[in-house]
Structure formats: structure tokens, C-alpha cells
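# Report on the structure
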Number of protein chains: 2
Amino acid sequence: MTIDLQSGTRTGGVDAAAAAARRVLAGLVRAGDLSDADMSGIADRLNSVADDLEAAAPPLHDRLVHMWRGDGNTRHDPVTGPENPIAPPLEYAAADARTIEATTTLGLPYQGPPSSVHGGVSALLLDHTLGVANGWAGSSGMTAELTLRYHRLTPLFEPLTISAAQTSVDGRKIRTVGAIEARGETCVTAEGLFIAKHAPRPR
Amino acid sequence: MTIDLQSGTRTGGVDAAAAAARRVLAGLVRAGDLSDADMSGIADRLNSVADDLEAAAPPLHDRLVHMWRGDGNTRHDPVTGPENPIAPPLEYAAADARTIEATTTLGLPYQGPPSSVHGGVSALLLDHTLGVANGWAGSSGMTAELTLRYHRLTPLFEPLTISAAQTSVDGRKIRTVGAIEARGETCVTAEGLFIAKHAPRPR
């Protein structure tokens, strides 16, 4: 069986604009106030883009209905969404019937301790990955409880493997585990309890 | 005693560019492929800004040293950093000697379930807020374990109060709790165990 684990990045359109916006946000955090770039001019150029986007923005309700159409993966979420510049974005592959994984390298926008991934960013990536693993295993739901254990610092600028596997389904209770690894060592582990229910999609 | 709980947003400079970038990323997620905006042109304009930022980028090591100068709050982190477009950014106030809180309203880039905050984003905001509460109480460290409990959906587009308080310090073990509230109800609670050590700052 093959299913898509995320929606995938398209060529052009909003995905290309979001990819460019990812470069901008990385460039801004890299610059700080240590760059000779014309920040006032850059603010003007970015505000001009924002003005154009806002002038053409669809009504919020229409956009909510549109972004939640169908029963498949969404394109806007902050972890895998190709439309969302916050998302690295992660791209999962199935490792086996219950396990999925993604590889990514994170830069300065995701920093917590020096040269390390923010513990809350690790929590964000793991929460989402556990949820996708639930979908992959066939029983998904909403997070009820999530426990993160931080074993060592997770490095920026190096490939990370983020994996998750569903471990049990007991009535409406779904249990799922996950981990972030770097250099062959486990940096963060997660255990999640999910409840098999879903918020209604906007119509 | 008054201390700054975060670095604060400055007028102009990189902070103004980051604020403009926040408008761009919100505009892109609002647009998706349901907008009449010229996305190809917008991608070109954003790539042009990124090119200029990259051409003027300081060496990575210099930037790391610069961003971690001093012992105060940093300006780049993904929760409070005025330089970081991913950050809402949160601005904390002290509620009492052990408790801090911030109010923010989140939009589409932070969405998980329909019209609700992503559970992993709540984890990110709480992890950071617990850490700042530790600094405020006078004993800080790195996250060892973090448990999130999701009591009800956290709404987008409405004011959220994110609070945290240190509850105990036992040798190197620091315990801290926090919550996200909306409409006077508790949406998410967090318990954190922190260990009183710090990664070395780049020099």
C-alpha cells in the first residue's frame, strides 16, 4: 500500500513563494543587526509584498473551507506544509507498517541553546510526526498528552532523523512514540497519548 | 526588582524587517492557492530580498558570537525574538515573584486542527515560557522532561494567555508549570523538569 504522508511541494505558485519566504526568514535571523544589508529598504520591500498579499486575500472562511477540503493531508501546517514558511518542511517516508521518518537540517530560526535546536521546536516536530504516524498506522486522533525527554542537545546545521511509530490502540486511546536522532545518537524522545476524535472541518 | 523578561522590539532595523516578514508569512498561508496575487512575481521579489540578505550575511561564527553576547535575553529565538519572523513574538510581564505571563493572538501559520492552535506550537510556546519563568525566579537550566496535557482546543484568532511559574528547586532539579488559557478556560497545561546547567556560549 502506498499513501502520501504529506502533500508534497509543487513547482511554482504559493509553494515557490513560501520557499522564498523561508530564505528571507533564515537570512534575517542570520543578519540580526550585524549585517550591512539595507534593513529599512528590506522592510519596505517585504511590507509591499504583504500589502499585495493582503489586498488579494480570500475571505477567511473561504480559505478555511478550501484548506481543509478532502480527507487527505493539508498543505498549510507549520511542520510539513509547503505553503507555510514556518515549516522546514518535513517530508516523511514510511519505514515499515507502523513507522515513518523524515530527515531535515535546521538553521538559526529554530535555535534554542547555542547552535542547538530549541526544545520546543523539537516538541513541535515530534507532536506532528506522532500524528502522521497515527494516520499511517490507520488510527488517528487528537493529542491528549505528550511527554518529551531531552537526552542530549539536538544540533543545528546537521541532518536530523525524526521518526515515530504507533505502539497501541485501546478503544479510543492511541499510544505513539517518536524520537529525534543526530549523528546516530538519540537526542529527544516522545511519548504521546491520542484520543480518536477529530475537530469538524469547516464547511 | 525589575528585569527585562525579553529583549523587546526596537523601531526600525532588523526588527522592522522581521515584522514585515511576519506579515508576508501570514499573507502566504492566508492565500494558499486561493488568491489572485501574482505568486510568481512574489516569489521573485522574496528571492531578491533573500539574495541581498545572503550577499551581506556575516560569517556564521561571528553571528553566533554576536547573538549570544552578554548574559541577558537573546533577540533571535523562535518564541520571543523580535529578529525572528517565526516568533509571534511573545512579550512577558511578571505577575508575581515566580509567575510570568504573555498575551498573544495566533493566526493561520500556527494552525493544527481547524481554527485551532497546533498542539506542537502550544508545546513550543510553553517550553520557552517555562524557561523564562525559571530565569525570572532566579534558577534556570535546560529542559530535561516536558509533559503537555491538552484539555480543550486552543483557538486561533482569539487572545491567549500563556503563563508559567517555577514550583521547586531541589539541588540541580528545577520544576516549573505553565498553562495556556483562552476565554477564561485552560486549554493546555505543562509540567517541566529542568536541570541547572547551560550550554557554553560561542566565543
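Presented here is an overview of the structure given in this document. (Residues numbered from 1 in each chain as written. Chains lettered and ligands numbered in written order. Predicted model: local features only at pLDDT ≥ 70, side-chain atom pairs only at ≥ 80, totals over all residues. Heavy atoms only, no water.)

### Remarks on the interface of chain A and chain B
- In this assembly, 85 residues from chain A lie in contact with 85 residues from chain B.
- Where chain A meets chain B, there are 10 salt bridges.
- Its salt-bridge partner being D51 of chain B, residue R23 of chain A comes within 2.7 Å of it at the nearest N-O pair.
- The interface formed by chain A and chain B holds 37 residue pairs in polar contact (both at pLDDT 80 or more) in total. (Contact = heavy atoms within 4.5 Å. Salt bridge = Lys/Arg side-chain N within 4 Å of Asp/Glu carboxyl O. Polar contact = N/O pair within 3.5 Å; in protein donor to acceptor, adjacent residues only side chain to side chain.)

### What about the relation of the copies chain A and chain B?
- When chain A is fitted to chain B, the residual RMSD is 0.0 Å, and the transformation amounts to a turn of 180 degrees plus an axial shift of 0.0 Å. What we have between these two chains is a two-fold relation. By C-alpha distance to the rotation axis, the residue of chain A lying nearest is T147 of chain A, at 2.1 Å.
- Both copies share a contact surface, since 100% of the interface residues of chain A are interface residues in chain B too. (Least-squares fit on C-alpha atoms with pLDDT ≥ 70 in both.)

### A look at the sheet that holds strand β2 (residues 99–104) of chain B
- Within the open sheet, the 12 strands sit side by side as β1(A)-β2(A)-β4(A)-β5(A)-β6(A)-β3(A)-β3(B)-β6(B)-β5(B)-β4(B)-β2(B)-β1(B). Their pairing is antiparallel. Looking at the sheet topology across the chains shown, the edges are occupied by β1 (92–96) of chain A together with β1 (92–96) of chain B. Averaged over all adjacent pairs, the angle separating strand axes in this sheet is 20 degrees, with direction ignored. (Pairing = 2+ DSSP bridges. Helix = DSSP H or I, 4+ residues; strand = E, 2+ residues; numbered from the N terminus. Axes fitted to C-alpha atoms, helices over the stretch in contact; angles between N-to-C directions.)

### Examining the environment of D36 of chain A
Residues and elements named next belong to chain A.
- Along the chain, D36 falls in the loop between α1 (13–31) and α2 (39–55).
- Relative accessible area serves as the criterion here: at 77%, D36 is assigned to the exposed category.
- With 71 residues separating them in the primary sequence, D36 and G107 have C-alpha atoms 21 Å apart. (Buried < 20%, exposed > 50% of the residue type's maximum accessible area, 1.4 Å probe, protein only.)

### Describing empty space enclosed by the protein
- Throughout the structure, instances matching the rule amount to 2 cavities of 30 Å³ or more.
- Its volume calculated, the largest cavity comes out at about 100 Å³.
- In this structure, the largest cavity is lined by 15 residues; those nearest its centre are I86 and L124 of chain A together with P78, I86 and L124 of chain B.
- Secondary-structure elements contributing two or more residues to the lining of the largest cavity are α4 (119–137) of chain A together with α4 (119–137) of chain B.
- Taken together, the residues that form the lining of the largest cavity break down as 15 nonpolar, no polar and no charged.
- A volume near 50 Å³ is recorded for the second largest cavity.
- Every residue lining the second largest cavity is listed: A21, V24, L25 and L46 of chain A together with A21, V24, L25, L46 and P85 of chain B. (1 Å grid on protein atoms, 1.4 Å probe; cavity = no way out; pocket = protein on both sides within 12 Å on 5 of 7 lines; lining within 4 Å. Points joined across faces, edges and corners; volume = space filled by probe spheres on them. Nonpolar A, V, L, I, M, F, W, Y, C, P; charged D, E, K, R; others polar.)

### Notes on unusual backbone geometry
All names here are of chain A.
- Residue P89 follows P88 across a cis peptide bond; omega there is -15 degrees.
- For P89, the position within the fold is in the loop between α3 (60–67) and β1.
- Residue F157 is not a glycine yet carries a positive backbone phi of 70 degrees.
- Residue position: F157 is located in the loop between β3 (142–150) and β4 (160–170).

### Let's talk about the pattern of salt bridges
- Using the criterion set out here, one finds 22 salt bridges over all chains in the structure.
- Note that R149 of chain B and E145 of chain A form a salt bridge whose closest N and O atoms lie 3.5 Å from each other. With R149 of chain B in strand β3 (residues 142–150) and E145 of chain A in strand β3, this residue pair bridges two chains.
- A residue is classified by how much of its surface remains accessible, and R149 of chain B, at 29% relative accessible area, is partly exposed.
- A salt bridge links R183 of chain B to E158 of chain B, with the shortest nitrogen-to-oxygen separation between them at 2.6 Å. Remark: E158 of chain B occurs in the loop between β3 and β4 (160–170) and R183 of chain B occurs in the loop between β5 (173–182) and β6 (185–195); sequence separation between them is 25 residues.
- Residue R183 of chain B is classed as exposed on the basis of its relative accessible area of 61%.

### A few points about the pairing of β1 of chain A
Residues and elements named next belong to chain A.
- Bridge count between β1 and strand β2 (residues 99–104): 4 bridges; the pairing is antiparallel. Looking across to β2, one finds that A94 is bridged to I100.
- With antiparallel pairing between neighbouring strands as the criterion, β1 and β2 make up a hairpin whose turn holds 2 residues.

### A word on helix α2 (residues 39–55) of chain B
- When the terminal C-alpha atoms of α2 of chain B are compared, their 24 Å separation across 17 residues agrees well with the 24 Å that a helix rising 1.5 Å per residue should span.
- For α2 of chain B, the complete set of buried residues consists of M39, G41, I42, A43, L46, V49, A50 and L53 of chain B.
- Elements in contact with the buried residues of α2 of chain B: α1 and α2 of chain A together with α1 (13–31) of chain B. (Expected span 1.5 Å × (residues − 1).)

### Things to note about the packing of α2 of chain A against α1 of chain B
- Two elements in contact, α2 of chain A and α1 of chain B, have axes whose closest approach is 8 Å; the angle formed by their N-to-C orientations is 20 degrees. Here α2 of chain A is positioned roughly parallel relative to α1 of chain B, judged by the angle of their axes. Where α2 of chain A crosses over α1 of chain B, the two elements pack in a sense that is left-handed. Across the interface between the two elements, M39, I42, A43, L46, N47, V49, A50, D51, L53 and E54 of chain A of α2 of chain A pack against G13, V14, A16, A17, A20, A21, R23, V24, G27, L28 and A31 of chain B of α1 of chain B.
- Split into classes, the residues belonging to the contact of α2 of chain A with α1 of chain B amount to 15 nonpolar, 3 polar and 3 charged. (Parallel < 35°, antiparallel > 145°, perpendicular 65-115°, else oblique. Left-handed = near helix turned anticlockwise from the far one by under 90°.)

### What to know about the pairing of β2 of chain B
- For β2 of chain B and β4 of chain B, the ladder comprises 6 bridges, and the chain directions are antiparallel. Each residue of the ladder has a partner; that of T104 of chain B, found in β4 of chain B, is L160 of chain B.

### Overview of the side chain of S163 of chain A
- Here S163 of chain A is to be found in strand β4.
- Those residues in contact with S163 of chain A that lie beyond four places of it in its chain are I100, E101, L126, T129, V177, G178 and A179 of chain A.

Honestly, that's just the spatial picture; any functional story needs more than this.
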